[in-house]
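So you can see what is in the structure, the chains are spelled out below.
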Amino acid sequence: MSFLNSYIYYIGAFGLILVGFYIILVKHNLIKVIVGLGILDTGVNLFLISVGYITKGTAPIFSRPGIDSEYMVDPVPQALVLTAIVIGVAVLALALSLAIRLYQHYGTLNLRKIREQRW
Amino acid sequence: MRRAVTIILLIILALGISRSLAKIPFGAHKTKVGKYYINEGIEETGATNIVTSVVLNYRGFDTLGEITVLFIAAIGLGAVLTTNVKGETRKIQPASLVLYTGCRLLFPLILVFGTYIFIHGHLTPGGGFQGGAIIASGFLLIYLGCRERRINRVASNLIESLGGLTFVLIGLLGLVFGSYFLLNFLPKGTANTLLSAGIIPIIYIAIGFKVGSELTSIIDNLIEES
């Protein structure tokens, strides 16, 4: 039980990453592949945040003077994830626009039926 | 067949990850650099939000690269979606009166909230990226509620370019006044006031405008297409 308590965030984050990989590798519908990409992105962000967490941690913001800095969480992964979320949205939008183009060109989103995409 | 191979591959991956992750304790202090930023951040940058001082001061050049990635993604989306000839315009069913009025009422409030978020980026949670995303969500609301309204493409591109240009110019001014790119050359002021932290609020306002107009142009391109 203590094992689960101490590693539940890592397990959850890598669970999301593995689910994302599974969807990307197995599914045939392009929209589902893009959804898997989004899940993988979320898992990576969650893992970075949970690596920076400190037990009983607070946000690294000195919102009033004299606040205790002992339990502040690591600010570096938060700074990385902050930009990664916005970039993830933009990359998902780019992938969806490519899906729109593929659908207009081939008339299907099934990756098995698109000859150049088969593997 | 492919499903079985994928599952075996993922199990091997999970085993390897779990063996390496068991060595990383959860909830303990891990890096010295994070501790350094927390202890010295206020004196060195003037920003009370340590995440902001990491994003824009200690790792400001990195943030410039991330802005560029966002810019390239928006450009790529525009290039992919606008190459086709415009077909017949579909008839747009107008939204109901309640939705129309509600969207028009909420839109300026959302803009004010987004602006507040990115102006106070060095004091409270938030900043240019979050404020820009909030502003873009306000424009998305207008697109859904007032169906025939469109943004001015030229103005959007102009704001986006000016935001990026401001970031680079302030970085270059650091080279003029001191020794390195993105030097915090303005006076730092007293902590916990709005006019503090030197160049950080200026850059975050520029990023807020840039991210807001970029995400709005992405929404505009996708709605034009659908």
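The structure we're discussing is the one just above.
Residues numbered from 1 in each chain as written. Chains lettered and ligands numbered in written order. Predicted model: local features only at pLDDT ≥ 70, side-chain atom pairs only at ≥ 80, totals over all residues. Heavy atoms only, no water.

A look at the overall build of chain B
Okay, so step 1: The helix and strand tally for chain B stands at 8 helices and 0 strands.
Okay, so step 2: When the helices and strands of chain B are read in sequence order from the N terminus, they spell out α-α-α-α-α-α-α-α.
Okay, so step 3: Taken against the 2.2 N^0.38 rule, which gives 17 Å for 226 residues, the C-alpha radius of gyration of chain B at 22 Å runs more than 25% over that of a compact globule.
Okay, so step 4: Its C-alpha atoms give chain B principal-axis dimensions of about 60 × 60 × 35 Å.
Okay, so step 5: Taking all 226 residues of chain B together, 42% fall into the buried category. (Helix = DSSP H or I, 4+ residues; strand = E, 2+ residues; numbered from the N terminus. Rg over C-alpha atoms; globule rule 2.2 N^0.38 Å. Buried < 20%, exposed > 50% of the residue type's maximum accessible area, 1.4 Å probe, protein only.)

What to know about the overall build of chain A
Okay, so step 1: Each helix and strand in chain A was counted, giving 3 helices and 0 strands.
Okay, so step 2: When its helices and strands are written in sequence order, chain A yields α-α-α.
Okay, so step 3: A compact globule built from 119 residues would reach a C-alpha radius of gyration of about 14 Å, whereas chain A, at 19 Å, exceeds it by more than 25%.
Okay, so step 4: For chain A, the residues scored as buried account for 39% of the 119 residues in total.
Okay, so step 5: In chain A, 46% of the contacts between residues at least 6 apart in sequence involve partners at least 24 apart.
Okay, so step 6: Of the roughly 6600 Å² that chain A leaves accessible, carbon and sulfur atoms contribute 68%.
Okay, so step 7: A gap of 23 Å separates the mean positions of the 9 positive and 5 negative side-chain charges of chain A. (Contact = heavy atoms within 4.5 Å. Areas by Shrake-Rupley, 256 points an atom, 1.4 Å probe, with all protein chains shown as cover. Lys, Arg positive; Asp, Glu negative; His and termini not counted. Charge placed at Lys NZ, Arg CZ, Asp CG, Glu CD.)

Description of the interface of chain A and chain B
Interface size, as often reported, equals the accessible area lost upon joining of the parts.
Okay, so step 1: Listed by partner, the interface residues are 48 residues for chain A and 57 residues for chain B.
Okay, so step 2: Together chain A and chain B conceal approximately 4500 Å² of surface at their shared face, both sides included; 71% is due to carbon and sulfur atoms.
Okay, so step 3: Broken down residue by residue, the surface that chain A buries against chain B is led by Phe-62, Leu-82 and Arg-101 of chain A, which jointly contribute 13%.
Okay, so step 4: Linking chain A with chain B are 7 residue pairs in polar contact (both at pLDDT 80 or more), by the criterion used here.
Okay, so step 5: Ranked by residue count, the leading element in the side of chain A that touches chain B is helix H3 (residues 75-106) of chain A, at 18 residues.
Okay, so step 6: Broken down by class, the residue content of the side of chain A that touches chain B amounts to 33 nonpolar, 10 polar and 5 charged. (Buried area = accessible area lost by both parts, 1.4 Å probe. Polar contact = N/O pair within 3.5 Å; in protein donor to acceptor, adjacent residues only side chain to side chain. Nonpolar A, V, L, I, M, F, W, Y, C, P; charged D, E, K, R; others polar.)

Focus: the pattern of salt bridges
Residues and elements named next belong to chain B.
Okay, so step 1: Counted by the stated rule, this structure contains 3 salt bridges over all chains.
Okay, so step 2: When the shortest N-O distance is used, the salt bridge between Arg-59 and Asp-62 registers 2.8 Å.
Okay, so step 3: Residue classification places Arg-59 among the partly exposed positions, given a relative accessible area of 28%.
Okay, so step 4: Of the residues examined, Asp-62 reaches a relative accessible area of 34% and is grouped as partly exposed.
Okay, so step 5: With its nearest N and O atoms 3.2 Å apart, the salt bridge here joins Glu-214 to Lys-210. With Glu-214 and Lys-210 both in helix H8 (residues 200-225) and 4 residues apart, this pair spans about one turn of that helix. Accessibility classification places Glu-214 together with Lys-210 in one group, the buried group. (Salt bridge = Lys/Arg side-chain N within 4 Å of Asp/Glu carboxyl O.)

As for a nonpolar patch on the surface
All names here are of chain B.
Okay, so step 1: There is a patch of nonpolar side chains on the surface, built from Leu-158, Leu-162, Leu-165, Val-168, Leu-169, Leu-172 and Leu-175 and spanning about 620 Å² of accessible area.
Okay, so step 2: Inspection of the secondary structure assignment puts Leu-172 in helix H7 (residues 153-177).
Okay, so step 3: With relative accessibility at 39%, the residue Leu-172 sits in the partly exposed group. (Patch = residues over 30% accessible without salt bridge, like charges linked within 9 Å, V, L, I, M, F, W, Y side chains within 5 Å.)

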